[in-house]
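Structural characterization, general
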Amino acid sequence: MARALIPQLLALILSFGLALLSPATALAALPPGNAVTDPAAILRDSLPVDQADLRDLQHRLEGTSDDLRARRWNSIKTSCERTQRQFSLKRGAIFEAVPSERQPQAEQLLSQLDTNLEELCASSELQERDGFLEQRRLTLADIGALEELFIGDFPYAIPSEFDDLPRLLGRATVEIRTSQGDLNAVIDGYSAPLTGGAFVDLVQRGFYDGLPFSRAEDFYVLQSGNPKGDAEGFIDPKTKQERHVPLEILVPGDASPIYNMTFEDLGLFKATPVLPFATLGTLGWAHSDKALDDGSSQFFFFLYEAELTPAGLNLVDGRNAAFGYVVEGSEVLKEMTMDDTIISAKVISGADNLKSHA
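What counts and what doesn't
- Every chain begins its residue count from 1, and numbering advances along the sequence as written.
- Two thresholds apply to this predicted model, a pLDDT of at least 70 for residue-level local features and 80 or more for giving and counting side-chain atom pairs, whereas whole-chain, interface and lining totals are computed over all residues.
- The side-chain values count all of the structure's non-hydrogen atoms but skip hydrogen atoms and water molecules.
- Segments assigned H or I by DSSP are reported as helices when at least four residues long, segments assigned E as strands when at least two residues long, and all are numbered from the N terminus.
- We compute the radius of gyration over the C-alpha atoms and compare it with the globule rule, which gives 2.2 Å times the number of residues raised to the power 0.38.
- Relative accessibility decides the category of a residue: with a 1.4 Å probe and only protein chains considered, values under 20% of the type maximum give buried, values over 50% give exposed, and everything between is partly exposed.
- Here, Shrake-Rupley sampling with a 1.4 Å probe gives the accessible areas, and only protein chains in the shown set may cover a residue.
- The criterion for an aromatic pair is that two Phe, Tyr or Trp rings (for Trp, the six-membered ring) have centres within 6.5 Å, with stacked assigned to planes under 30 degrees apart, edge-to-face to planes over 60 apart and tilted to the rest.
- Angles here are taken between N-to-C directions and fall from 0 to 180 degrees, while the axes themselves are lines fitted to C-alpha atoms, restricted in helices to the stretch in contact.
- By the definition adopted for this analysis, an angle is roughly parallel if under 35 degrees, roughly antiparallel if over 145, roughly perpendicular if from 65 to 115, and oblique otherwise.
- Crossing handedness: left-handed means the near helix sits turned counterclockwise from the far one by under a right angle, and right-handed means the same turn made clockwise.
- Between two residues, a contact is recorded if the distance between any of their heavy atoms is within 4.5 Å.
- By the convention adopted, Pro, Cys, Tyr, Trp, Phe, Met, Ile, Leu, Val and Ala count as nonpolar, Lys, Arg, Asp and Glu as charged, and the other residues, Gly among them, as polar.

Okay, the overall build of the protein chain next. Along its length, the protein chain carries 9 helices and 12 strands. What you see for the protein chain is a C-alpha radius of gyration of 21 Å, in line with the 21 Å of a compact globule of 358 residues. Overall, the C-alpha framework of the protein chain stretches about 60 × 50 × 40 Å when taken along its three principal axes. Expressed as a percentage of the 358 residues in the protein chain, the buried residues total 50%. For the protein chain, the computed accessible surface area is about 16700 Å², with 49% contributed by carbon and sulfur atoms.

What follows deals with the packing of aromatic side chains. On inspection of all chains with the given rule, the structure shows 16 aromatic pairs. Plain terms: the ring middles of Phe277 and Phe302 are 5.5 Å apart, the flat faces sit at 70° to each other, and that makes the pair edge-to-face. Of this pair, Phe277 sits in the loop between α9 (263-266) and β8 (282-285) while Phe302 sits in strand β9 (residues 299-302), and the two are 25 residues apart along the sequence. The same class applies to Phe277 and to Phe302, which are both buried. Taken together, the ring pairs in this structure connect Phe199, Phe207, Tyr208, Phe213, Phe234, Trp285, Phe299, Phe301 and Phe323 into an aromatic cluster.

A few words now on the packing of helix α3 (residues 52-62) against helix α7 (residues 129-148). Running from amino to carboxyl end, α3 crosses α7 at an angle of 160°, the nearest separation of the two axes being 10 Å. Classified by the angle between their axes, α3 and α7 sit roughly antiparallel to one another. As α3 runs across α7, the sense of the crossing is left-handed. The residues of α7 that touch α3, namely those facing Leu54, Arg55, Leu57, Gln58, Leu61 and Glu62, are Arg136, Thr139, Leu140, Ile143, Leu146 and Glu147. Residues belonging to the contact of α3 with α7 are distributed by class as follows: 6 nonpolar, 2 polar and 4 charged.

Everything listed here is a matter of coordinates, which is why it stays silent on function.
Listed below in structure tokens is the structure:
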């Protein structure tokens, strides 16, 4: 099919409310707008912290994107200088708010942030886009690392009915080697502990090593995790039964995720999940069209395309669980087809956040 026909086809699908990955028959009319599509920014925003000073600095810098697209360098320079002044005023308060046992790490990050902000302001004067973007990335990474220092105990209790399931009580980074290249993905257990836990557990078991991609739809999804043999999911060696993971979605403002209910079920027709399908390489958990709680091992990469699957208005937000984002190597996904395979997957950080059960 010619690419020019795809927008019209998608519009037809949307108009009839057909879901491709779930049994729902009504489309949640999620609002379009200036949605956040940077995976690093989404991951920063989804951290369970309430640190207004750091969040203000973060959003000020992220807000320079509009000026950067329009090449408004004077505005960018002004934003950088204001952020630098704001940081100088708030630095002491930020440090004092960090738990005492983490303050040595905070002091190092604050000093690093001070240097990076100074270099960011200098790069804005040079008006060189790539250099500015790289320096902003480093600066925002410092802010994100500082925000993580404010996270204490896991922020909520997972329902006891899921006590037998693995859970990721924090974040983990997974390296996925494929026949087209390598990907690094951050798995977010704060927002999707059971989904993230199931995935990381299977990575640790080597379950995905050597598996092909079983579904590839241009501009939509690339799916894997279908095991060899008759099984459609992971057979737990202890129970000899297929392990199932409930649909798990965290709604902004809620203390904990909802389970086995779609946004349509809840009447949340204008909601956007804490982890939205809003960027190339969003990781989603697959379930059948017959049930919400029968996802076992199959997952997909969301192939975000701004015109076809726009952030805040697509067929999967609120119907499938997102549980992480590709943060390095996402361009590899554009080259992959059903002829490709996952060579191996391994956890490179955060393995200690995985618990086998409650």
